[in-house]
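# Per-entry structural report
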Amino acid sequence: MTTETASAVTLPGGEMLAWSDRTDPADDGPLAALVARLVPAGARVLLAGPHGPALLDALAHTRLTCLLRGYPDATAVAGRVDRVLVTGPRGLPAGEEYDVVIAGAGLDAIESVEGDPLGWDALLARLVAAVRPGGDLLLRLDNPLGVHRLVAAESWYAGRGDAEWTVGGVLDAARPANLAQVRERLTAAGMRARTCYAGYPRPDLTTALLAVDELARRTTSGLFDAVLHAACTDGYTGRFVLADPARLAVDALHAGRAADLAPSWLVLARRPATEPGGADDDAGDPLPHLGRPEDPPPGGGPDRLPVAFVADPTAGGTVVEVRDGPPGWHWYRTGVTVPTASADAPDAGREPVHRDPAAPDGPVPDGRLLRSLLLDGCLRRDTALLRRLLRGYADWLDGQAEQGRLAGAVALAGADDLVVDGDRWGVLDRGWRADAPLPVDVVLARTLWRFAADLLTGGYAHPWTSTLDVTGLTVLLGGVAGRDFDRAVVEAATEKAATAEVSPTDPPPGPRSYQQLREAWLRQREENARLSALLKWTENLLTSRERALRRAEAKLNLLSGSLSYKVGRLALTPARMAKRGARAAKRRARTAIAVKQEGPE
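Residues numbered from 1 in each chain as written. Predicted model: local features only at pLDDT ≥ 70, side-chain atom pairs only at ≥ 80, totals over all residues. Heavy atoms only, no water.

## Some remarks on the overall build of the protein
In terms of helices and strands, the protein carries 16 helices and 23 strands. In the protein, buried positions account for 46% of the 601 residues. For the protein, the proportion of contacts with a sequence separation of at least 24, taken over those separated by at least 6, is 69%. Counting every atom, the protein has about 29600 Å² of accessible surface; 54% of that belongs to carbon and sulfur. (Helix = DSSP H or I, 4+ residues; strand = E, 2+ residues; numbered from the N terminus. Buried < 20%, exposed > 50% of the residue type's maximum accessible area, 1.4 Å probe, protein only. Contact = heavy atoms within 4.5 Å. Areas by Shrake-Rupley, 256 points an atom, 1.4 Å probe, with all protein chains shown as cover.)

What follows is the structure in structure tokens.
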């Protein structure tokens, strides 16, 4: 029997009255931006599982039904949607169909413990049955072999929390373990998989959605490199991990495996509008029978969707898209904003900077990320490559300067925000602006200093001596770039920077990686051994000097008591007295002459 507990909340049975699946509000930002482009106005939408407020805002123009298993979550959203079903998947009314079904939290978040479990395939079949012919299913799945599993400090199979009544993994054959298996399960359920996105940095926090096809095709993309590094660094900051997830994700990108190691996947699947073997009339835009609010610009796949959705913390949590068109990739600001921790401006010291409210918007420059190229040159000891890159960067800065000073985004971009394509250079994020132009040498010194800090604290091998500190390595890199820096110039350029105090023995900022902490410990041990050796050498030197001094004192004492010493003193005494007398007579003579000269004229 149906029990009405509120105007929009229905409890058909199987509800969990005291359970809540509240999610991180920042988790739904990229998903909300995707849904805003995918779902037209007036569409009937089923939102299965817990989702953040950003997704509800993106679906405000639709007829929205929420399927939740926890009653507290249902009461929290009751006033914002048309209807809330508090039940497990068995409680979905038979025969109800929707234009779009969204399971952005995965299928596990739909299963209720109040009743017999259905299993993954049965859950998928129940949601597919709710999709009308020609409708779409948006499904998120966790990757049992993603970056988060590879770097986790805790065992994934040892979870005993309240939410972990089932633990998924590759041992569970009932669940798909890779994208190929996901597509096979969708096909078996009567759906046709279309666009797929890789979600980073964690299953419970998705701040970047990257098109799987483009990840496999553009393995050297500076944009993907920068997005993966930033997402995994920010997403794991303060967490203890086995290895650096950002390094692993970027390496997976270069190996063409960034999609395979993604913590989660978001798959868009279409239910054919005709019976198998008939003419397919759904090859165009999603939901062609409904009026879309606007004609969307070209995207990057068969559904004309963007190649990337990224929640930009430096822009107040605004989600930005990367669209693919005839001119190439292009930034585009969406209207979706998610709560996020305030992000600092680029390391420009205390010079005033501001964020352009219209950015990022414009073409995305092609090329490889400068940071990755420099690291590659350091690891391979390729000094010729390093010289070419650093001198090219210095010359490019000179070409961008006016009267020796730089303004705009160029003045604030570092090695992790610059791309290189042959002799062409570009800035990925052109949103930050320096209010006052900065000297070219200051910009170059700060970029080199930040890279030197990353190089030393990250424990990367490089072709130079290991005893250099950050400032010394910056001076050396400046010489490689063809600039005659000294320590005073570098210290003056970075003295106001928030991160100016960095020791080579410190671990890098961000995630607390056991691997990097061990490297930092090894560097500290080497430094302690060097200091101990220096201290021992200094002690030996002081000891030898003290022994020599004692020997000299002993000789003096011995000589002062000998007969020859006494005779010598007796012989010298008259001479000293005569010398003092001569000095006194000389003074008296000078005085007398002065008095005579000053006599009456």
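## Describing the nonpolar core
Residues Leu-59, Val-84, Leu-137, Leu-138, Leu-139, Leu-186 and Tyr-200 are the most contacted members of the largest nonpolar core, which totals 104 residues. Considering each element in turn, this core owes the most residues, seven residues, to helix H8 (residues 222–235). Of all hydrophobic cores here, the second largest spans 51 residues; its members include Leu-375, Val-443, Val-470 and Val-480. (Core = buried A, V, L, I, M, F, W, Y, C linked by side-chain atoms within 4.5 Å.)

## Section: the sheet that holds strand E19 (residues 418–421)
In space, the three strands of this open sheet follow the order E17-E19-E20, with antiparallel pairing throughout. Two strands lie at the open edges of the sheet, namely strand E17 (368–369) and strand E20 (424–427), each paired on one side alone. Alignment of E17 against E19, held across two bridges, turns out to be antiparallel. In the strand pairing of E19, Arg-368 is matched with Val-420. (Pairing = 2+ DSSP bridges.)

## A word on H8
Here H8 contains 14 residues, and its C-alpha end-to-end distance of 20 Å stays within 8% of the 20 Å for a straight helix at 1.5 Å per residue. Here H8 starts with a cap whose side-chain oxygen sits 3.3 Å from the backbone nitrogen of Leu-223, and that cap is Ser-221. (Expected span 1.5 Å × (residues − 1). Polar contact = N/O pair within 3.5 Å; in protein donor to acceptor, adjacent residues only side chain to side chain.)

## With respect to the pairing of E19
As defined by bridge partners, E19 adjoins E20 across four bridges and the pair is classed as antiparallel. Each residue of the ladder has a partner; that of Leu-418, found in E20, is Val-427. Counting the residues in the hairpin turn of E19 and E20 gives two residues, including Gly-422, whose phi is positive at 70°.

## Let's talk about the packing of aromatic side chains
Inspection of every chain in the model, using the stated rule, returns five aromatic pairs. Taken together, a centroid distance of 5.2 Å and an interplanar angle of 55° make the contact between Phe-224 and Trp-329 tilted. Here Phe-224 is found in helix H8, whereas its partner Trp-329 is found in strand E14 (residues 328–337), with 105 residues between them in sequence. You can call Phe-224 buried: its relative accessible area is 0%. When its relative accessible area of 5% is taken as the criterion, Trp-329 is described as buried. On the numbers, 6.1 Å between centres and 20° between planes, the contact of Trp-396 with Trp-425 is stacked. Of this pair, Trp-396 sits in helix H11 (residues 383–400) while Trp-425 is found in strand E20, placing the two residues 29 residues apart along the sequence. A relative accessible area of 14% means that Trp-396 is categorised as buried. Directly above the ring of Tyr-98 sits Arg-44, whose terminal nitrogen or CZ lies 4.7 Å from the centroid. Just above the ring of Tyr-332 sits the side chain of Arg-323; from NZ or CZ to the centre is 3.6 Å. (Phe/Tyr/Trp six-rings, centres within 6.5 Å; stacked < 30°, edge-to-face > 60°. Lys NZ or Arg CZ within 6 Å of the ring centre and 35° of its normal.)

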